[in-house]
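Listed below are the residues making up each chain.
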Amino acid sequence: MAMNDRRGVLRRRAWLSLLTVWILAVAAFLGARSAHLRMDWTDDHRYTLSATTRAVLGRLDAPLMIRAYVSEGLPQPYGHVRRFIRDMLDAYHEAGGDKVSFRMVDPAQSPDARTTLMALNVPMVRVQVVEDDQARVKQGYLALVLDYLDKQEVIPVVQSEQGFEYLLTSKIRKLIGKERPTIGVVEGFGATPLADLHKFRQLVGEDYAPIAVDPSRAEIPDQVRVLIIAGVEREPDRAFRYRLEQFRLRGGGVWLLAGRAKAALDQGIRVRALEETAVKWAGEDFGVAIDGGLVMDRQATRILVDQQQQGFMLRTAVDYPFLLRVTDLDKRHPITRGLEGLSMPFASPVDWLEKPRGTVLARSSSMAAVQAGPPFDVDPLVSMKRRFAKATPRRSSLMLVYDGPLHAHLKAPKGIKAQGDKRDGRGRLLVSASPSLLEDAFMDGENLLFVLNALDWLSGNEELIALRSRGATQHPLTPLDAPMRALWKGVWMFLLPLFVVLFGLARWRWLRKQRSAAA
């Protein structure tokens, strides 16, 4: 009888404790919700407004109105986005004070809202759901419209939480800012022309105005802030080099993409070797040495390859060692801070001729090697084991950056007037040893963030770099060698079950002793 009374007391105490915890949790939730209290435990504080956003809101000279056209009742993955948008707009309102206001509008309940969205060409989100054993398609809106003075910006679709703050803050910054900075893409001498960089133009068109530039024929326009040289295939002439040097001396940023080979994907997965003179001038004008060969790395990006087997064409995924998965990045530099990695196609080793000159921004992994050439064998169907059988492991530098003083070493060629000839200055330089990095086939994933970060840094427009990569990067697992993989397999398959069994036996013996003592 005493034992039953004791159990009854313990049971009542347990239920009372559970009820107390539940009441306190509900009270804390309701209090935090009404007071807009937040606790952000993410590693990069992606749900807390950054200092950049607060600074942009502090520059508002007139009221900013944000209208969120969000349909109610959308299924996942869009169902939770409505609450997220409201929470974030609350945070913008608190940070901006009376200068920032917002409204949540359900277009299904407002004919005027639907008319406005149709006039702005805002598309509807279509989600297929299964209800009552039937497949149905639900439609709705997830759009933001920003009004500031006589200007307006639209975010047609908010697909997820990822990158929301960067997207909204960049739109606000555009409303209160000046015209888009101009970037030039060099044409001539085999460089990839701007017309062929479709994804690049689409990516940067929101923040920059890209134009084609040919320094060998005309002066570089004064409004150009950054010059991109993507894969020159032969040595430029003296006029090109002189005008490029003068552009750097007056403070312009240069992004040089140079290596030993460019992708030739119109012929399958192939490369086209570049002339020796295409990289020799980089050493003379930029102090950069581009070694012979192509870097191949076991830490590679996976691609889909078609291969014929028994009369059938099959598409298989393979790790392609010439499409490097670069994770050894300088996390202190603004360009790569916050990035976990990027992909580099057909890259060559690169280094400074004089040290210390600048900074190494990216390196290959310790499992990399260098294939000599030309010619280069880049067949994706060659196995890793065969390709690395006789290769010597070698970690290579893949990207370099420089920000510092510059001194002229070129004189104006005949026929070019040396008006305003500068002999000293200061400029920024980014060297990527992958001439094909900006081509459409490789512009995806974290490469998009890297390109925007690079342009922001080269143009001196670093305000949004840290904000852009918040919550938008992957967190790859650290690769393990074969012995470590075997060790952890043994731990999870044998040691962990054995530990559970031993714990169960120990618990059973302890309970048995407790019962014996109580009896």
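Everything below is about the structure printed above this text.
We now turn to the structure provided with this report. (Residues numbered from 1 in each chain as written. Predicted model: local features only at pLDDT ≥ 70, side-chain atom pairs only at ≥ 80, totals over all residues. Heavy atoms only, no water.)

## Some thoughts on the packing of helix 2 (residues 51–58) against helix 3 (residues 81–96)
- At a minimum axis separation of 9 Å, helix 2 and helix 3 run at an interaxial angle of 55°. It follows that helix 2 is oblique to helix 3 by the angle criterion. Two packed elements cross with a definite hand, and for helix 2 against helix 3 that hand is right-handed. Of the residues in helix 3, those in contact with Thr 53, Arg 54 and Leu 57 of helix 2 are Tyr 92, Ala 95 and Gly 96.
- Residue composition of the contact of helix 2 with helix 3, by class: three nonpolar, two polar and one charged. (Axes fitted to C-alpha atoms, helices over the stretch in contact; angles between N-to-C directions. Helix = DSSP H or I, 4+ residues; strand = E, 2+ residues; numbered from the N terminus. Parallel < 35°, antiparallel > 145°, perpendicular 65-115°, else oblique. Left-handed = near helix turned anticlockwise from the far one by under 90°. Contact = heavy atoms within 4.5 Å. Nonpolar A, V, L, I, M, F, W, Y, C, P; charged D, E, K, R; others polar.)

## Considering the pairing of strand 10 (residues 253–257)
- In terms of residue burial, strand 10 counts as a mostly covered element, since five of its five residues are buried.
- The alternating pattern of strand 10 places Gly 253, Trp 255 and Leu 257 on one face and Val 254 and Leu 256 on the opposite face, and all of these are buried.
- Crossover handedness for the path strand 9 (residues 224–230) to helix 7 (residues 238–249) to strand 10: right-handed. (Buried < 20%, exposed > 50% of the residue type's maximum accessible area, 1.4 Å probe, protein only. Right-handed = clockwise from strand over helix to strand, strands pointing away.)

## Observations concerning the packing of aromatic side chains
- Under the definition given, this model contains nine aromatic pairs.
- Between Trp 255 and Phe 450, the aromatic rings sit 5.9 Å apart at their centres with planes inclined by 80°, giving edge-to-face as the arrangement. Of the two residues, Trp 255 sits in strand 10 while Phe 450 sits in helix 10 (residues 446–458), which places them 195 residues apart along the sequence. Note on accessibility: Trp 255 and Phe 450 belong to one class, buried.
- Ring centres of Tyr 320 and Phe 346 lie 6.2 Å apart, and the angle between their planes is 80°; this geometry places the pair in the edge-to-face category. (Phe/Tyr/Trp six-rings, centres within 6.5 Å; stacked < 30°, edge-to-face > 60°.)

## Some thoughts on the nonpolar core
- Within the largest apolar cluster, 44 residues are counted, with the highest numbers of intra-cluster contacts made by Phe 200, Trp 255, Phe 450 and Leu 455.
- The greatest single-element share of this core, amounting to eight residues, is contributed by helix 10.
- Val 213, Val 254, Ala 282 and Val 431 belong to the second-largest nonpolar core, a separate cluster that totals 32 residues. (Core = buried A, V, L, I, M, F, W, Y, C linked by side-chain atoms within 4.5 Å.)

## Focus: the pattern of salt bridges
- Enumeration over the complete set of coordinates arrives at 24 salt bridges.
- Between Arg 82 and Glu 72 there is a salt bridge, with its nearest N and O atoms 3.3 Å apart. Within this pair, whereas Arg 82 is found in helix 3, its partner Glu 72 is found in the loop between strand 1 (64–70) and helix 3, the two being separated by 10 residues in sequence.
- Under the relative-accessibility criterion, Arg 82 is labelled partly exposed at 22%.
- Taking the relative accessible area as the measure of exposure, Glu 72 reaches 52% and is therefore exposed.
- Where Arg 325 meets Glu 446, a salt bridge forms, and the shortest distance between an N and an O atom there is 3.2 Å. (Salt bridge = Lys/Arg side-chain N within 4 Å of Asp/Glu carboxyl O.)

## What to know about the pairing of strand 1
- Strand 1 sits mainly inside the fold: six of its seven residues count as buried.
- Bridge count for strand 1 against strand 5 (residues 142–148) is seven bridges, and the pairing is antiparallel. Among the inter-strand pairings, Val 70 is bridged to a residue of strand 5, identified as Leu 142.
- The pairing of strand 1 with strand 2 (residues 100–105) spans six bridges and is parallel. Looking at strand 2, one finds that Ile 66 is bridged to Phe 102. (Pairing = 2+ DSSP bridges.)

## What about the packing of helix 7 against helix 8 (residues 277–286)?
- In contact at an axis separation of 12 Å, helix 7 and helix 8 are set at 40° when each is read in the N-to-C sense. If you check the angle between helix 7 and helix 8, you find them oblique. The handedness of the crossing between helix 7 and helix 8 comes out as right-handed. Residues Phe 240, Arg 241, Leu 244 and Arg 248 of helix 7 pack against Trp 281, Glu 284, Asp 285 and Phe 286 of helix 8.
- Within the contact of helix 7 with helix 8, the residues separate by chemical class into four nonpolar, no polar and four charged.

## Here's the deal with helix 8
- The buried fraction of helix 8 amounts to seven of the 10 residues, a majority that puts the element mostly inside the structure.
- Of all the positions in helix 8, only Ala 278, Val 279, Trp 281, Ala 282, Gly 283, Asp 285 and Phe 286 are classed as buried.
- Residues of helix 8 that are buried make contact with strand 9, helix 7, strand 10, strand 13 (288–290), strand 19 (350–352) and strand 23 (424–432).

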